[in-house]
Amino acid sequence: MEHYTSRSPVLFMIFRRPDLTARVFEQIRNVQPKKLYIAADGPRPEKEGEQQLCNETRNIIKQVDWDCEVKTLFREKNLGCKMAISSAIDWFFDHEEEGIILEDDCLPNQSFFRFCDAMLEKYRHDTRIRHISGCNLQHGKTWGTATYYYSNLTHAWGWASWRRVWKDYDRELALYNGADVSKQLPKIFTDPLVIESWHRIFEETKAGKINTWDYQLTLINFFQHGLSIIPNINMISNIGFGANSTHTSQEDSVYANIPRKELGEITHPLFVLPEKDADFATLNYDFQVEVTRAAMEAQRLAQYRESRRLKNRIKRLFKTS
């Protein structure tokens with residue numbers, strides 16, 4: 001494969017996993033971006049040995065051996081996932097109009113950078129498009145004949161976007177309330193269980209019960225009627241599943257270590273419309289929609305049968321009286 005040099009600035013967010021960080025950094029080094037932003041959350045004092053791991057991880061900056069402007073945001077105190085990541089992206093877009101964003105467990109291939117560069121340029125001024133994903137969670141299923149399809153979902157395992165989008169980010173979802181959101185979600189999704197799941201996620205995220213930053217981005221993209229770009233092949237492998245991960249602890253997850261494929265010539269869809277069936281396939285797995293529906297139907301059937309048995313017993317009693 002011909003060597004590719006990334007045209008876009010890159011934000012690399014790291015913490016305490018030097019082994020994973022080194023693998024992702026090597027892929028960044030391969031494409032040699034001219035601007036590299038490195039943000040690191042601080043160690044938790046109650047975690048023995050974490051200071052050392054953070055220091056080892058931050059030493060990655062010493063491996064930048066190409067012509068590159070490097071900026072760092074190294075936190076002394078631990079901010080946690082929600083604040084550390086969202087504030088790092090704030091910092092990145094304070095300096096850049098657009099760019100590529102990677103976390104320490106999102107292993108890209110070379111095609112990812114080429115794809116992001118092309119999409120950032122093509123859709124720079126198209127406000128319908130708000131997010132570019134590098135990962136594909138369809139497990140081999142393709143949608144349409146183009147290189148990518150449009151989606152209402154926002155996958156954040158290796159992505160790219162613009163300042164024009166991030167300016168709408170609302171970390172606390174302060175502008176929105178549950179009653180209004182419940183009225184708007186049916187305009188995006190039709191399945192009642194999907195709508196109920198997203199409403200619950202909204203409520204728990206707004207209440208601070210979920211320590212994350214990305215649900216907010218997804219929800220705001222919903223509310224802005226925005227589309228995401230999802231490639232028809234996977235270019236990001238999440239290598240962070242396991243006990244040391246904050247949100248991806250299941251090592252046997254179907255999303256763990258999905259193989260990456262290289263991209264050929266980029267072709268574009270003719271119609272700018274979301275692939276609703278593709279989105280449902282993802283949400284059906286994530287929210288266990290069909291499993292829940294089957295359980296509800298089984299419960300309803302059991303209740304109906306019990307009701308019929310009760311009515312029949314009552315009828316027999318009247319007949320014998």
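Note that this is a predicted model, so its numbers are computed, not measured.

Time to look at the sheet that holds strand 7 (residues 148-151). A sheet is described by the order of its strands in space; here eight strands give the open sequence 3-2-1-4-8-6-9-7, paired in mixed fashion. The sheet is open, and its two edges are formed by strand 3 (69-74) and strand 7, each paired on a single side. Strand-to-strand, the axes of this sheet are offset by a mean angle of 25°, without reference to chain direction. Bridge count for strand 2 (residues 35-40) against strand 3 is six bridges, and the pairing is parallel.

Glancing now at the pattern of salt bridges. Scanning the entire structure with this criterion turns up 18 salt bridges. Between Glu 69 and Lys 71 there is a salt bridge; the shortest N-O distance is 3.2 Å. Using a relative accessible area of 37% as the deciding quantity, one classes Glu 69 as partly exposed. Taking the relative accessible area as the measure of exposure, Lys 71 reaches 26% and is therefore partly exposed.

Tallying each qualifying case throughout the model produces 22 aromatic pairs. Summarising the aromatic geometry, the rings of Tyr 176 and Phe 223 are spaced 4.5 Å apart at their centres and angled 50° between planes, so their arrangement reads as tilted. In this pair, Tyr 176 sits in the loop between helix 5 (163-166) and helix 6 (178-184) while Phe 223 sits in helix 8 (residues 214-223), placing the two residues 47 residues apart along the sequence. Between Trp 198 and Tyr 215 the ring centres are 6.1 Å apart and the planes differ by 90°, which places this aromatic pair in the edge-to-face class. Taken together, the residues span a long stretch of sequence, with Trp 198 in helix 7 (residues 192-206) and Tyr 215 in helix 8 at a distance of 17 residues. Across the ring face of Trp 162, the terminal group of Arg 164 is positioned such that the distance to the ring centre comes to 4.2 Å. Lys 276 extends its terminal NZ or CZ atom over the ring of Phe 189, reaching a point 5.9 Å from the ring centre.

A few words now on unusual backbone geometry. Phi at Gln 32 is positive, roughly 45°, even though this residue is not glycine. On the basis of relative accessible area, Gln 32 is assigned to the partly exposed category, the value being 34%. Its identity as a non-glycine residue notwithstanding, His 225 has a phi of 55°, on the positive side. For His 225, a relative accessible area of 69% gives the class exposed.

Reading guide: rules and limits
Residues numbered from 1 in each chain as written. Predicted model: local features only at pLDDT ≥ 70, side-chain atom pairs only at ≥ 80, totals over all residues. Heavy atoms only, no water. Pairing = 2+ DSSP bridges. Helix = DSSP H or I, 4+ residues; strand = E, 2+ residues; numbered from the N terminus. Axes fitted to C-alpha atoms, helices over the stretch in contact; angles between N-to-C directions. Salt bridge = Lys/Arg side-chain N within 4 Å of Asp/Glu carboxyl O. Buried < 20%, exposed > 50% of the residue type's maximum accessible area, 1.4 Å probe, protein only. Phe/Tyr/Trp six-rings, centres within 6.5 Å; stacked < 30°, edge-to-face > 60°. Lys NZ or Arg CZ within 6 Å of the ring centre and 35° of its normal.

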